[in-house]
Structures are given as structure tokens and as C-alpha cells.
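Residues per chain, in single letters:
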Amino acid sequence: MLLKFFLTCNKIGAFTLGGGYAMIPVMEREYVDKNHWLDREEFMDIMVVAQTTPGIFSIDMASHIGYKLRGVWGGIVGALGIALPSIIAILLIAIFFHNFKDNVYVEKFFRGVRPAVVALIAAPCFKMARTAHITWSTCWIPVVSCLLIAAFSVSPIWIIIVAGLAGYIYGRVKS
């Protein structure tokens, strides 16, 4: 089981461009749909915890999922599995960067990849909205949160704290 988990994390780390949030749909497909290690609710919960945990999002996700599956060793295996391809790629780029840093084709490649990465980050947002049971009456919350962050440079930490407290108070008042 640990070897399969390591190889799955390794595959996600090796073939996903765009960093942590671009990995979400691939992680969900592998961990929830394909291997059935988690259900969607567990995946969402781990994703929320990983977002609030300091560090690299994809490594936090893999280590939390690994910990849930196999304890401490699962967490270590997940973190190593997802990080190893990036470490190797960064080492290779550092070694050979001076050979291709001014290459027009490399520059065009990255210019083309950027919009795809934005789409890869946006797609899980819509999936998360369905999983989080966001309705027309609650859709104002993420919209206002985005506006506060983008227009007024409010720290996402404050958004999370205020939303958490508001949810707690709402839950207490409702019951």
C-alpha cells in the first residue's frame, strides 16, 4: 500500500504543472475516484486543513492524506513522493538553466502554459463549491472574500478566521 501511495504521489508531482492548486483535480481523481482512499468530504476536509497549514500545499495534502491512510509513515511517504519530482526538476534546471534561459521556444512554452494553469486552478473552485454545498443564497461569501483579497489586499488569514468564527456563531445560534 505504501509503495502504491508513493508512486501515485510521485506521478502527481511529476506530471502536474502549476503548483499545488493546479494539482487538486489530479489529486482528487487519484485519491478519491481511482483508488478510493478517501471520499469527497474527507478530501475537502484535508484540503481545508492543508490550506491552513504552513508549508507547500501539495506536500501538506500528500502528507495529511498519507497520515490518514497509514499514520506517520504514510505522511512521510506522501511528502517524499510528491516532492521528489520537483526536487529533481529544480536540480536539473539549476544545472542547465544557463543553456536555455534565453531560448525563445522555452519562453513561448511558458507563456502558453500560464492560461492553462489558471484554468487548472479555477476548475477545482467550481467543484469545491458543489462539494461545500454553496447555494445561491450563500454564493456571496466567496465573492466578497475574493473582492476583499483582490481589491483591498485583506490577508486570506483574516478571511479564514472571520469566516470560521461566523460559521461557529451561526451554528450556535441556529441550534
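This section reports on the structure supplied with the text. On a predicted model such as this, the values are computed, not experimentally measured, just so you know.

Cut-off values and rules
Residues numbered from 1 in each chain as written. Predicted model: local features only at pLDDT ≥ 70, side-chain atom pairs only at ≥ 80, totals over all residues. Heavy atoms only, no water. Helix = DSSP H or I, 4+ residues; strand = E, 2+ residues; numbered from the N terminus. Buried < 20%, exposed > 50% of the residue type's maximum accessible area, 1.4 Å probe, protein only. Contact = heavy atoms within 4.5 Å. Areas by Shrake-Rupley, 256 points an atom, 1.4 Å probe, with all protein chains shown as cover. Lys, Arg positive; Asp, Glu negative; His and termini not counted. Charge placed at Lys NZ, Arg CZ, Asp CG, Glu CD. Axes fitted to C-alpha atoms, helices over the stretch in contact; angles between N-to-C directions. Parallel < 35°, antiparallel > 145°, perpendicular 65-115°, else oblique. Left-handed = near helix turned anticlockwise from the far one by under 90°. Nonpolar A, V, L, I, M, F, W, Y, C, P; charged D, E, K, R; others polar. Phe/Tyr/Trp six-rings, centres within 6.5 Å; stacked < 30°, edge-to-face > 60°.

Looking only at helices and strands, the protein chain has 7 helices and 0 strands in total. Listing each helix as α and each strand as β along the protein chain from the N terminus yields α-α-α-α-α-α-α. Seen along its three principal axes, the alpha-carbon backbone of the protein chain occupies a region of about 60 × 40 × 25 Å. Across the 175 residues that make up the protein chain, the buried fraction comes to 27%. For the protein chain, contacts bridging at least 24 residues in sequence account for 55% of all contacts bridging at least 6. Element-wise, carbon and sulfur atoms account for 72% of the exposed surface of the protein chain, whose accessible area totals about 11900 Å². Of the side chains in the protein chain, 15 bear a positive and 10 a negative charge, and the two mean positions are spaced by 3 Å.

Packed helix pairs are characterised by how far apart their axes lie and by the angle those axes make with each other. Contact geometry for helix H1 (residues 2-15) and helix H4 (residues 57-100): axes closest at 7 Å, N-to-C directions at 40°. As far as their axial angle goes, H4 and H1 are oblique. Pair H1 / H4 crosses with right-handed handedness. Across the contact of H1 with H4, the residue classes break down as 15 nonpolar, 7 polar and 1 charged.

This part covers the packing of aromatic side chains. Geometry of an aromatic ring pair is reported as the spacing of the ring centres plus the angle between the planes. Scanning all chains against the criterion turns up 4 aromatic pairs. Geometrically, the ring pair formed by Phe5 and Trp37 is edge-to-face, given 5.5 Å between the ring centres and 75° between the ring planes. Remark: Trp37 occurs in the loop between helix H2 (20-34) and helix H3 (40-52) and Phe5 occurs in helix H1; sequence separation between them is 32 residues. Considered together, Phe5 and Trp37 belong to a single accessibility category, that of buried residues. Summarising the aromatic geometry, the rings of Phe109 and Phe110 are spaced 5.2 Å apart at their centres and angled 75° between planes, so their arrangement reads as edge-to-face. Among the residues examined, Phe109 registers a relative accessible area of 46% and is labelled partly exposed.

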